[in-house]
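Single-letter residue listing:
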Amino acid sequence: MAMWQGAMDNRGFQQGSFNSFRSSSSDEDLMDIPGTAMDFSMRDDVPPLDGEIEEEKSYNGGGIGSSNRMMDFLEEPIPGVGTYDDFNTIDWVREKSRDRDRHREITNKSKESTWALIHSVSDAFSGWLLMLLIGLLSGSLAGLIDISAHWMTDLKEGICTEGFWFNHEHCCWNSEHVTFEDRDKCPEWNSWSQLLISTDEGAFAYIVNYFMYVLWALLFAFLAVSLVKVFAPYACGSGIPEIKTILSGFIIRGYLGKWTLIIKTITLVLAVSSGLSLGKEGPLVHVACCCGNILCHCFNKYRKNEAKRREVLSAAAAAGVSVAFGAPIGGVLFSLEELCDYENRFNTSKGGELPDRPAGVGVYSAMWQLALTLILKIVITIFTFGMKIPSGLFIPSMAVGAIAGRLLGVGMEQLAYYHHDWAIFNSWCSQGADCITPGLYAMVGAAACLGGVTRMTVSLVVIMFELTGGLEYIVPLMAAAMTSKWVADALGREGIYDAHIRLNGYPFLEAKEEFAHKTLAMDVMKPRRNDPLLTVLTQDSMTVEDVETIISETTYSGFPVVVSRESQRLVGFVLRRDLIISIENARKKQDGVVSTSIIYFTEHSPPMPPYTPPTLKLRNILDLSPFTVTDLTPMEIVVDIFRKLGLRQCLVTHNGRLLGIITKKDVLKHIAQMANQDPDSILFN
């Protein structure tokens, strides 16, 4: 009978399969776990008959006539125990406790010998070395992506005859036949029409160049999609929603692996070069986190501890933002300058209070072109961001905001010119000064649009300040960022990345949201009223066969351990994965462990009758301090506990008796239900 259990389906384990624990990717790799398929239907491992015991010297009975030794197969660490399955949340409390124990052991040993002291110093220094390596590797890959993207973008227009590896700008650098005004025109750079039909003039030459441009763009986009689909599906998108979820403790194996890094780097160059409406800033955060995860495998301190590894990934994400915006791209915000036919004249008849900059024909032409570009940019960006290619949203969002800001800036400029006597202009505009700077409106518009899409505030202002270097623009940037966030929050509480997390069903608890509903733990826990009883293990009365049967018939990721089914007094909590690995290793490495062997989660076992099979002690994999709440605990407190402690599950008790369990998935489903959302959209625990 399938019984209620609030744990998530264990996707890493298929019934009867032990090899499924192995990860095929380098992301958050587990230690290699030797073993074959578990056969829970074994019936040929019954204890030998009495007459066979003397002949079977390796058999160690647990009765009075034997050594009565309880076999503890966890006296030495077993590879795989304490690790996690794919699409599961880590146990932050356990990981932090492990790191404290490891640090305490190293500190104590450092007093015993010089070598131990050196090891202690190297352990403390390893974090700084790892950060240095991440910065170097991330910066190198970002530079490679930037250089390659520039070259492949220019390849759509032509090629350098002096060396095909030069982009347009580099090709004309050393040319002796070019002036500063015509620095992009040199004989060394040939368009495709010059190469194919030996001319660059006329309608046919234009058609040839246009055809080659479209052909290269389609080829780059096709290669990007194909490589992602075939080799690394996790390389699509910006990666920021998944990175945000992983940093919260969720495990997505392969998402930060070596294949994802390689394909993401290559396809990011192809996607940017194709001319699609996307940016490389978001994907560079993913690239940097891949670098951090891979380099973590060089240091045991971070390779074996998921919580410590996420500290590194957090720093790697910051490095990704740094390399993404380190290049001087502030000029993008001001690229839509006046190339617009202003009638620059100064009218003294108006008292010389304002500079005369009436719009010419070119300005009006540029305005409707900008308006059309704004509409097309919004539509194209929406479709591009949903494609299965590496795509960032930072630069497209900033471009949309910059265009809108530019339109507003030019409009305000003309308003100030024709209505200079208005109080709003007359009181602060000095003689001969440009009272309205459309370029500044473009910059503020870019910040506002990006802030509305991502809900960033402080970090956005800092990024924009570093891009422009203008300290005097901090106030308008802050005002624009906050206003855009307020407006966007009024339309919908989720930013683009939070929306993607919800659409993918990832178990992410937003720390800033408040839970204001008056529900109790008993309203959320499983099992509910009229549901089957909770599946539990007893501490000293279940056989190996009993436990294997429960494992094969359920998909729960863990089981509470109680004193007995009658008392339901809680002893601890054991993970499904640890149970499977421990039993499998006991069957393989120790003679005498059979289906009728009793499993003990206690410190000591009682005397056993003669010639009984040896017992199996698994106390070392038991969590003796699982987090518990009472059935009357308000869900507001429970949600806060899950957020701040990063829990996977907590057990619900009443007067010390186990009643049920609440998992992170249950909490997220309850929050979605209270918000009138689909609770079934939460797929993972």
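From a predicted model like this one, the values you see are computed outputs, not experimental measurements.

Caption draft 1: Examining the state of the cysteines more closely. The final tally for this structure, using the stated rule, is two disulfides. Paired through a disulfide, C160 and C171 show a sulfur-sulfur distance of 2.1 Å. Classification of the bridge connecting C160 and C171 rests on its S-S torsion, roughly 75°, and on that basis the disulfide is right-handed. Taken together, the residues C160 in strand β2 (residues 158-160) and C171 in helix α4 (residues 168-173) connect sequence positions eleven residues apart. A residue is classified by how much of its surface remains accessible, and C160, at 3% relative accessible area, is buried. In this model, C172 is linked to C186 through a disulfide, with the two sulfur atoms separated by 2.0 Å. Between C172 and C186, the S-S torsion sits near -70°, and that sign places the bridge as left-handed.

Caption draft 2: Representation of the pairing of strand β11 (residues 649-654). Judged by how many residues are buried, β11 sits mostly within the fold: five of six residues are covered. In this sheet, β11 lies alongside strand β10 (residues 628-630) in parallel orientation, the contact comprising three bridges. Residue pairing across strands places T628 opposite L651, the latter belonging to β11. By the bridge criterion, six bridges tie β11 to strand β12 (residues 657-663) in an arrangement that is antiparallel. Of the residues in β12, the one forming a bridge with Q649 is T663. Hairpin connection between β11 and β12: a loop of two residues separates the two successive antiparallel strands, and N655 in this loop has a positive phi of roughly 55°.

Caption draft 3: Expanded view of helix α6 (residues 203-231). In this model α6 runs 42 Å from its N-terminal to its C-terminal C-alpha over 29 residues, within 8% of the 42 Å that 1.5 Å per residue would give. Elements in contact with the buried residues of α6: α3 (114-155), α5 (192-197) and α8 (258-273).

Caption draft 4: Summary view of the nonpolar core. Counting 42 residues, the largest nonpolar core has F325, F394, M398, L460, M464 and L477 as its most contacted members. Per-element accounting of this core gives the leading share, six residues, to helix α15 (residues 438-454). Those residues within four positions of F325 in sequence are excluded, and the remaining contacts are E281, F394, M398, I463 and L467. Among the nonpolar cores identified, the runner-up in size contains 27 residues, and I243, L256, V287 and L295 belong to it.

Caption draft 5: Quick peek at the sheet that holds strand β6 (residues 558-562). Here three strands make up an open sheet; going across it, the order is β4-β6-β7 and the pairing mixed. The open sheet has two free edges, formed respectively by β4 (537-538) and β7 (570-575), since each of these has just one partner strand. Bridge count for β4 against β6 is two bridges, and the pairing is parallel. By the bridge assignment for β6, L537 is matched with V561. Packing against the sheet, helix α21 (residues 576-589) makes contact with β4, β6 and β7, and its axis sits at approximately 75° to β7.

Caption draft 6: Here's a closer look at the pattern of salt bridges. Across all of its chains, the model carries 19 salt bridges by this definition. For K96, the salt bridge goes to E311, with nearest N and O atoms at 3.2 Å. Here K96, found in helix α2 (residues 92-109), pairs with E311, found in helix α11 (residues 306-324); they are 215 residues apart in sequence, far enough to count as distant. Taking the relative accessible area as the measure of exposure, E311 reaches 38% and is therefore partly exposed.

Thresholds applied
Residues numbered from 1 in each chain as written. Predicted model: local features only at pLDDT ≥ 70, side-chain atom pairs only at ≥ 80, totals over all residues. Heavy atoms only, no water. Disulfide = S-S within 2.5 Å. Helix = DSSP H or I, 4+ residues; strand = E, 2+ residues; numbered from the N terminus. Buried < 20%, exposed > 50% of the residue type's maximum accessible area, 1.4 Å probe, protein only. Pairing = 2+ DSSP bridges. Expected span 1.5 Å × (residues − 1). Contact = heavy atoms within 4.5 Å. Core = buried A, V, L, I, M, F, W, Y, C linked by side-chain atoms within 4.5 Å. Axes fitted to C-alpha atoms, helices over the stretch in contact; angles between N-to-C directions. Salt bridge = Lys/Arg side-chain N within 4 Å of Asp/Glu carboxyl O.

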